[in-house]
Amino acid sequence: MSAPFPFAAIVGQEEMKQALLMAAVDPLLGGVLVFGDRGTGKSTAVRALAALLPKIELREGCRYNCQPDKPADICPACTGDKPLRVRTEPAPVIDLPLGATEDRVCGALDLERALVSGEKAFEPGLLARANRGFLYIDEVNLLEDHLVDLLLDVAASGVNLVEREGLSVRHPARFVLIGSGNPEEGELRPQLLDRFGLSVDVASPDTLKERVEVVRRREAYERDRDGFVRAWSRKDAAVRRKVAKAQAMLDQVETPDAVLELAANICLRLGVDGLRGELTLMRAARARAALAGRNEVTKADLVAIAPMALRHRLRRDPLDEAGSAVRVERAVGEVANGAAGHA
């Protein structure tokens, strides 16, 4: 399998790259939705991110990516009396195909073992493989309704429950959900849209210099993939170290009351339902501060990430023709400046 395109070599698309890095730093953010035209590097960026993720610890033989000190109750590799070795592996980045069956996603009875030995055993699915990693859905707006319902349940609980063919299985399924798609091909169901912490709109480069550089780098990668990856390995390694350092210091990053009040004021001004907007603003701002190596969130962090944290949470306003990002930026400006009015 050839090496993915280097993350550091992606031209432009800074908001998308920042959102993916913040989601890697804090999985509680809720994932990233990337919407935009075809050929704008959405899938390339997600697959490139996989090579940057710090490795996780697993036990030998574990099929659920359990934390060694917190095994799943049903995991035979982790709950037995026999001491097992701990190994490190890259954090999983699992693709969920649009045509996947529910059995493939959730897991099902292991038919081979059932037929050969008559033993009822569970065959883990994609959700088990994605535990403690990333679950990526390309063209997420075309996902079938029954799979959307399934993902909503698992995303809310962090547990996958399978009950069929005489089996009753529960296992951890905590993952960062990454979705990409083209808005021209259909909208996302509101319930799933709300589960994404961050939403990013991407577009084709609008300058001659950027477009030429995209083509140049892609052509160089296709001509000599291994050589291109080696040429960018130092810059990718620097990004990897940055993510690992931010993950390690995230719990020490403080959020001043003034920043929390600004987040709440922005959400009130925009009429955001519930408190998920404020929580996402706080977590994203903390992740941004950690990536910058700072142990305190600033108002500038909040202002920078507000559009990607809130643009997909706004109610449609038929009297306001401005885009959602513009409405968020306007509300941020009004609140920050103490101006009156509504977004």
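The structure presented is a predicted model; accordingly, all values stated were derived computationally and were not measured.

About the thresholds
Residues numbered from 1 in each chain as written. Predicted model: local features only at pLDDT ≥ 70, side-chain atom pairs only at ≥ 80, totals over all residues. Heavy atoms only, no water. Helix = DSSP H or I, 4+ residues; strand = E, 2+ residues; numbered from the N terminus. Buried < 20%, exposed > 50% of the residue type's maximum accessible area, 1.4 Å probe, protein only. Contact = heavy atoms within 4.5 Å. Areas by Shrake-Rupley, 256 points an atom, 1.4 Å probe, with all protein chains shown as cover. Expected span 1.5 Å × (residues − 1). Arc of directions from axis to C-beta. Axes fitted to C-alpha atoms, helices over the stretch in contact; angles between N-to-C directions. Parallel < 35°, antiparallel > 145°, perpendicular 65-115°, else oblique. Nonpolar A, V, L, I, M, F, W, Y, C, P; charged D, E, K, R; others polar.

Student: Is there a simple way to explain the overall build of the protein in this structure?
Tutor: The helix and strand tally for the protein stands at 15 helices and 11 strands. Split into buried and exposed, the 343 residues of the protein put 46% on the buried side. The long-range share in the protein, meaning contacts at least 24 apart out of those at least 6 apart in sequence, stands at 75%. Carbon and sulfur atoms form 50% of the exposed surface of the protein, whose accessible area is close to 17,600 Å².

Student: Looking at this model, I keep getting lost on helix H15 (residues 324-337). Mind explaining?
Tutor: Structurally, the α-helix is built with 3.6 residues per turn, so residues lying three or four positions apart point the same way. The end-to-end C-alpha distance of H15 is 20 Å, a good match for the 20 Å that 14 residues give at a rise of 1.5 Å each. Residues of H15 that are buried include every one of Ala325, Arg327, Val328, Ala331, Val332, Glu334 and Val335, and no others. Looking at the buried side of H15, the elements it contacts are helix H12 (257-270) and helix H14 (299-310).

Student: Help me understand H12, please; the structure alone is not making it clear to me.
Tutor: Between the first and last C-alpha of H12 there are 20 Å, a value that for 14 residues agrees with the 20 Å anticipated at 1.5 Å per step. Those residues of H12 that sit buried are Val259, Leu262, Ala263, Ile266, Cys267 and Leu270. Taken end-on, H12 shows its buried residues confined to a sector of 130°, consistent with a single buried face. For H12, the exposed residues set more than 90 degrees away from the buried face come down to Asp257, Glu261 and Leu268. The elements touched by buried residues of H12 are helix H13 (276-291), H14 and H15.

Student: Even after reading the chapter, I still don't get the side chain of Lys17, so can you show me in this structure?
Tutor: Topologically, Lys17 is positioned in helix H1 (residues 14-25). Apart from residues lying up to four places away in sequence, Lys17 is in contact with Phe7, Ile10 and Gly12.

Student: What exactly am I supposed to notice about the packing of H1 against H14 here?
Tutor: Helix-helix packing is described using two parameters, namely the angle between the two axes and the distance between the axes. The geometry of H1 relative to H14 is characterised by a closest axis approach of 11 Å and an angle of 85° between their N-to-C directions. The orientation of H1 relative to H14 falls into the category roughly perpendicular. Note on element contacts: H14 touches H1 through Ile305, Pro307 and Met308, opposite Glu15, Gln18, Ala19 and Met22. Broken down by class, the residue content of the contact of H1 with H14 amounts to five nonpolar, one polar and one charged.

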